[in-house]
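Examining the three-dimensional arrangement
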Number of protein chains: 2
Amino acid sequence: MKPIRKQDFPVDEIRRFIEPGPVVLVSSAWKGERNIMTMGWHTVMGFSPSLIGCYIWEANHSREMIRRSRECVINVPTVDLAEMVVGIGNVTGAEVDKFAHFGLTAEPAEKVGAPLIAECFACLECRVADTAMVRKYSLFVLEVVKAHAPRAPKYPRTIHYRGEGQFMVAGDGLNLRRRFRPEML
Amino acid sequence: MKPIRKQDFPVDEIRRFIEPGPVVLVSSAWKGERNIMTMGWHTVMGFSPSLIGCYIWEANHSREMIRRSRECVINVPTVDLAEMVVGIGNVTGAEVDKFAHFGLTAEPAEKVGAPLIAECFACLECRVADTAMVRKYSLFVLEVVKAHAPRAPKYPRTIHYRGEGQFMVAGDGLNLRRRFRPEML
């Protein structure tokens, strides 16, 4: 696994990475500790502000860290990291430093205290915007405040969870732009 | 496009169709009218009850129909329907009956008043469970009350939106079940 060099990416265009529905890694930091969790239950909720609704379970060690710090980074992994992603989702940060355990590189974020995972394709620095749905639904509304992605390729080959240990690997692109009304683009 | 024969499917297992993040078609009915909209901003929120959080924009003609009837069907299309899906998302139900316009077959649902789209792979009958987040975020919490899917194939070849008229077509499966702790499956 190698760190991926990234540049600034417009926060209002991050739907490209999130809307297709990949499994992501959410990193957080709180009181000298850092952690990573896997997350498959999320949805884009707006372009500007750039909002993502995220289900973060009470049983996740990261939940308290995110709730208290009110910050995290959503990191988008590619298929070559798939086994490691599963490993991250099957061990608890209460017992293990996942960066060290999995040989990942924590890079400082620009606007939040949570670290970027350098080996991931895109890193979206987030602040917690709204917790009104947390108690009842474990749903956090996050605002992307800074984004990083490489210039190329345009789209990462992501993995998508189907349940029961089965994933779907992102396939070919399909360009249907010509069939859109201009205002729908 | 042909209708797909389906059987009953357990409502608490529908993550298989939704979690990977495909574009879906949401059908609704209200006061003698029926409509279909495209939806890419959604997330699973629970197994039992089977909850899906769905962003349904104020500008969608379907939004009032769903809000008032408190029912809809989430229909999962496969890639062969891609151009039609784009067509549905680029015309308004205020002007056109989309079932007739696109030659789709409306079948009666079992538990809700909204119709099933027979040509889709899976059809999830939903009731609106919570509207607390609608005013601020256009986010509806839906509960799947009945599901229909064919016995085979196990997974549909879905399409996933990247923005700018570009889609990702679901690729190969990746089985990482052996790397999961039993309780995480």
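Note that the coordinates shown come from a computational prediction; the quantities given were computed from them, not determined experimentally. (Residues numbered from 1 in each chain as written. Chains lettered and ligands numbered in written order. Predicted model: local features only at pLDDT ≥ 70, side-chain atom pairs only at ≥ 80, totals over all residues. Heavy atoms only, no water.)

**Notes on the pairing of strand β9 (residues 122-130) of chain A**
Two faces belong to every sheet, and in a regular strand the side chains alternate between them. Residue and element names in this part refer to chain A. Burial within β9 is extensive, with 7 of its 9 residues counted as buried. With 7 bridges connecting them, β9 and strand β10 (residues 139-149) associate as antiparallel partners. Residue pairing across strands places D130 opposite V141, the latter belonging to β10. (Buried < 20%, exposed > 50% of the residue type's maximum accessible area, 1.4 Å probe, protein only. Helix = DSSP H or I, 4+ residues; strand = E, 2+ residues; numbered from the N terminus. Pairing = 2+ DSSP bridges.)

**Quick notes on the UniProt feature "domain: Flavin reductase like" (unreviewed entry) in chain A**
Per the UniProt entry, the sites bearing "domain: Flavin reductase like" (unreviewed entry) are residues 16-161 of chain A in this numbering. Taken end to end, residues 16-161 of chain A comprises 20% helix and 39% strand; its first and last C-alpha atoms sit 18 Å apart. (UniProt positions renumbered as here; feature names shortened; annotations may be inferred.)

**As for the interface of chain A and chain B**
In this assembly, 54 residues from chain A lie in contact with 54 residues from chain B. Taken together, the two surfaces of chain A and chain B that pack against each other cover about 5500 Å², and 57% of this comes from carbon and sulfur. Considering only the surface of chain A that becomes buried against chain B, A:W41, A:N90 and A:R162 emerge as the three largest contributors, covering 14% of it. At the junction of chain A with chain B, the criterion picks out 10 salt bridges. Salt-bridge contacts for B:E83 lead to A:R179; the nearest nitrogen and oxygen are separated by 2.8 Å. Where chain A touches chain B, the interface holds 32 residue pairs in polar contact (both at pLDDT 80 or more). Secondary-structure elements contributing two or more residues to the side of chain A that touches chain B are α1 (15-18), β4 (42-46), β5 (51-55), α3 (82-89), α5 (134-137), β10, β11 (159-163) and β12 (166-175) of chain A. By residue number, the principal contributor to the side of chain A that touches chain B is β12(A), which donates 10 residues. Taken together, the residues of the side of chain A that touches chain B sort by class into 26 nonpolar, 14 polar and 14 charged. Where β12(A) meets strand β12 (residues 166-175) of chain B, 7 bridges bridge the pair, whose relative direction is antiparallel. (Contact = heavy atoms within 4.5 Å. Buried area = accessible area lost by both parts, 1.4 Å probe. Salt bridge = Lys/Arg side-chain N within 4 Å of Asp/Glu carboxyl O. Polar contact = N/O pair within 3.5 Å; in protein donor to acceptor, adjacent residues only side chain to side chain. Nonpolar A, V, L, I, M, F, W, Y, C, P; charged D, E, K, R; others polar.)

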